[in-house]
Amino acid sequence: MYIIYFVMTLNSDQHCLTLYVPFSQIVMASSKPARLRVILGESNTEKLTLPNGIPDSLDELLRKVKDTFGLKTNVRLQYMDKDFGNDFFNLTSTSDLEDLGTVKVIQEKPIQTFVDVVETAPSSSTVHSDDSSSLSSNDTIILSSPESLSSRTQQWPANFPIPIFSYDTERQLEKGNSEYQANKKMLTVTSRMKTDILNRLIEEIYQYRAYPEDAHFCVVAEALVKKHPCLKEPGSFNGCYGWKQRLKYKMGNYRTLLKSQGCPELSVNSLKSKASISVFPAAKIKKPRRAEANFYPSFPLGETQESMEKERIELLTAIKRRNNDRVIADKMARTFAYRRQEVENEEPGIEDFKDRWPALFQQKEINAEFQRLMALPLEQTFLAQLDRHSSQLIKVIQAKGGATRAKMAAIMRTYDEVEDIGIRRECVLKGLITFLGEDAKDLIKEYCGSSGDDAQMELKQLTMAVFVIRKEGEGLKEPPEDIGIVIEGVEVLHDLTSVASACALLLGLIYSLNLAYPKALRFTFEVFQKIFMQLEQHKMSPKVQNLFGKLQTSQ
């Protein structure tokens, strides 16, 4: 393509000269480099240099911004308009931009919520590559749709955050706190002010628990008077007992209100939702028993039981296709509430449930389901805490005397002789179970590869266990042929990387399927839950509390 230029001379000959110039040269000649000030976030501003000038296409500019600054999510741009006092407006055409202009990047929220799996607790030792590599494809876990209003994204916080109250309440509290600091004078709380404080606190509590316990109310009340000391109660033994009692009553009223509005996690316990044989207010209450964050979640907005069943059937087809992990993960996230309600309402057997939801019985999906249910990473937290406590656990175990010490002698020798982190973790777990007065063989079943048929027959009789298949003549020091999990006689997982990883996944399945801990191993699983996963640490049995105290002594 060419541009034609006519050049007229001014001499007497009046010659006309025609020039044919390639269009691309004209464009390049007219394209001047441009620079833009790009606001990526609060206190995060970058400079974008465009050698060929500002692109004509908005899509091209978006692509340039994303590539330059490594943005992975969907974004849109706003530009600063000088005609309106430097306010930002949505950018619909690059013609609104000029050199040295300012644009702001707005990162749009995706349809699904993505939570990066991070190590939530400090660890004195590293989670080694043999187990962490198994999660490499699961660094991002898809949670249930954010359209589900009941979805909780974190566990009860270590320090409860007191919310901001209404403007007039905050002003009175500010004045009351100043007077308290000056002369220890308590604030006289009006009925309106008290209602505002209680309403806001209850809403904040409900973000973490629908059924908080007495200890939770106590924590909130103490945090309230710590932040606003003018609210202390002179006649109370701790200055906040009255606030705790008011919070309890207010939470009961709030639950009643939400139940009347059809909130699933509350209305499931109404009398009309119960079977005819259980029509009593206190019969078979469905509520979190082990710190579940999303125990009985709501369907995403617009979804019904029929549409969720259709998604489940589509999931059965999707799992048969190769390299379809992303689609499977999306559908598993979307059907989380439907699957969870099925577990709670119908209490299905493992074999039937595995037939209906085969995608759940994969290592990465167990991790994802636990994250959705508990708002906490599974394997990474479990292994990090196991490694953190390992050295002190070994000291505590070795200090045990009598018959228990004799039982653990061979395990401790292996621990000292090997360097493989998977084997060392297995030794720590076996020693821990024995230290607690339970039998490691009740949890970890070991078989010789040559006795395949006998092993399979025995596995079918087991209620719940981790099985390890070893070559004939090999022991704990050599890597096994196979590691897996069996529940109700059904092999639900195999080809796992280590016994420690298998124990973490078994705990995840117990939560996901709402199963009870084996009675013979109740202290072991209590340690898994309350020490390794740090859930409900305020309710420990004396034996586990004693162990926890010994572990804390060295830290």
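In the block above lies the structure referred to throughout.
Q: Explain the packing of aromatic side chains to me, please; I cannot follow it from the model alone.
A: Aromatic ring pairs: the centre-centre distance and the angle between the two ring planes describe each pair. The final tally for this structure, using the stated rule, is 14 aromatic pairs. Seen in terms of ring centroids, F525 and F528 are 5.3 Å apart; in terms of plane orientation they differ by 75°. Their pairing is edge-to-face. Residue F525 and its partner F528 are located together in helix α19 (residues 522–532), separated by 3 residues, close to a single helical turn. When its relative accessible area of 1% is taken as the criterion, F528 is described as buried. Taken together, the ring pairs in this structure connect F382, Y517, F525, F528 and F532 into an aromatic cluster.

Q: I would appreciate a short explanation of the nonpolar core in the present structure.
A: Looking at soluble globular proteins, one finds that nonpolar side chains tend to be buried together. If you look at the biggest cluster of nonpolar residues, it comprises 85 residues, and the most contacted ones within it are F382, I485, F528, F532 and L547. Per element, the largest residue contribution to this core is 11 residues, and it comes from helix α18 (residues 499–512). With residues up to four places along the chain from it excluded, the contact list for F528 reads F382, L429, L432, L443, C503, L507 and M533. Within the second largest apolar cluster, 25 residues are counted, among which are M193, I202, A221 and M251.

Q: Can you walk me through the sheet that holds strand β4 (residues 44–50) in this structure?
A: Within a beta sheet, neighbouring strands are joined by backbone hydrogen bonds and run either parallel or antiparallel to one another. An order of β4-β3-β7-β5-β6 is seen for the 5 strands of this open sheet, with the pairing classed as mixed. Looking at which strands have only one partner, the edges of the open sheet turn out to be β4 and β6 (87–90). Between one strand axis and the next, the sheet turns by 35° as a mean value, whatever way the strands run. In this sheet, strand β7 (residues 101–107) lies alongside strand β3 (residues 34–41) in parallel orientation, the contact comprising 4 bridges. When the sheet's bridge partners are listed, R37 is paired in β7 with T102.

Q: Before we go on, may I ask you to explain helix α2 (residues 58–69) in this structure?
A: Because the α-helix completes a turn every 3.6 residues, residues three or four places apart line up on one side. Relative to the 16 Å expected for 12 residues at 1.5 Å per residue, α2 spans 17 Å between its end C-alpha atoms, a close match to the ideal helical length. Those residues of α2 that sit buried are L61, L62, V65 and F69. End-on view of α2: buried residues confined to an arc of 100°, all on one side of the axis. Of the residues in α2, the exposed ones pointing more than 90 degrees away from the buried face are D59 and D67. Where the residues of α2 are buried, they touch β3, β4, β5 (75–81) and β7. Capping the start of α2, S57 holds a side-chain oxygen 3.2 Å from the backbone nitrogen of D59, two or three residues further along. A positive phi of about 65° marks G70, the residue just after α2.

Q: Before we go on, may I ask you to explain helix α20 (residues 542–553) in this structure?
A: Compared with the 16 Å implied by 1.5 Å per residue over 12 residues, the 16 Å span of α20 between its first and last C-alpha is a close match. Along α20, the residues classified as buried are V544, L547, F548 and L551. Seen end-on, α20 carries its buried residues on one side only, within an arc spanning 100°. Seen from the buried face of α20, the exposed residues on the opposite side, beyond 90 degrees, are P542 and T553. Against the buried residues of α20 lie α14 (379–398), α16 (421–435) and α19.

Q: Help me out: how do you make sense of unusual backbone geometry in this one?
A: For residues other than glycine, phi is negative in most cases, and the peptide bonds are mostly trans. One non-glycine residue with positive phi stands out, namely N323, at about 50°. Take N323: its relative accessible area is 80%, and that puts it in the exposed class. Of note in this structure, A375 is not a glycine but carries a positive phi near 60°. Its place among the elements puts A375 in the loop between α13 (363–374) and α14.

Q: Would you mind going over the side chain of E204 with me for this structure?
A: Of note, E204 is situated in helix α5 (residues 191–206). No salt bridge is formed by the buried E204; its nearest oppositely charged neighbour, R200, is found at 4.5 Å.

Q: What am I meant to see in the pattern of salt bridges here?
A: Evaluation of the coordinates by the stated rule reveals 28 salt bridges. Its salt-bridge partner being E203, residue R200 comes within 3.1 Å of it at the nearest N-O pair. Taken as a pair, R200 and E203 lie in helix α5 at a separation of 3 residues, close to a single helical turn. Look at R200 and you get partly exposed, because its relative accessible area is 25%. Looking at E203, the relative accessible area reads 39%, which means it is partly exposed. Here R356 makes a salt bridge to E309, at a shortest N to O gap of 3.5 Å. Residue R356 is located in helix α12 (residues 350–356), and its partner E309 is located in helix α9 (residues 305–318); the two are separated by 47 residues in the primary sequence. Residue R356 is classed as partly exposed on the basis of its relative accessible area, which comes to 26%. Each of E309, R312, E342 and R356 takes part in a single network of salt bridges with overlapping partners.

Q: Please clarify how the sheet that holds strand β13 (residues 490–493) should be interpreted in this entry.
A: Taken in spatial order, the 4 strands of this open sheet run β10-β11-β12-β13, and their pairing is mixed. Taken across any chain shown, the strands that pair with only one partner, and hence form the sheet edges, are β10 (444–448) and β13. The average angle at which neighbouring strand axes cross in this sheet is 35°, direction not considered. Across the sheet, α18 touches β10, β11 (464–470), β12 (482–487) and β13, and the angle it forms with β12 is around 20°.

The rules behind these values
Residues numbered from 1 in each chain as written. Predicted model: local features only at pLDDT ≥ 70, side-chain atom pairs only at ≥ 80, totals over all residues. Heavy atoms only, no water. Phe/Tyr/Trp six-rings, centres within 6.5 Å; stacked < 30°, edge-to-face > 60°. Helix = DSSP H or I, 4+ residues; strand = E, 2+ residues; numbered from the N terminus. Buried < 20%, exposed > 50% of the residue type's maximum accessible area, 1.4 Å probe, protein only. Core = buried A, V, L, I, M, F, W, Y, C linked by side-chain atoms within 4.5 Å. Contact = heavy atoms within 4.5 Å. Pairing = 2+ DSSP bridges. Axes fitted to C-alpha atoms, helices over the stretch in contact; angles between N-to-C directions. Expected span 1.5 Å × (residues − 1). Arc of directions from axis to C-beta. Polar contact = N/O pair within 3.5 Å; in protein donor to acceptor, adjacent residues only side chain to side chain. Lys, Arg positive; Asp, Glu negative; His and termini not counted. Salt bridge = Lys/Arg side-chain N within 4 Å of Asp/Glu carboxyl O.

Don't take any of this as a statement about function, it's just geometry.
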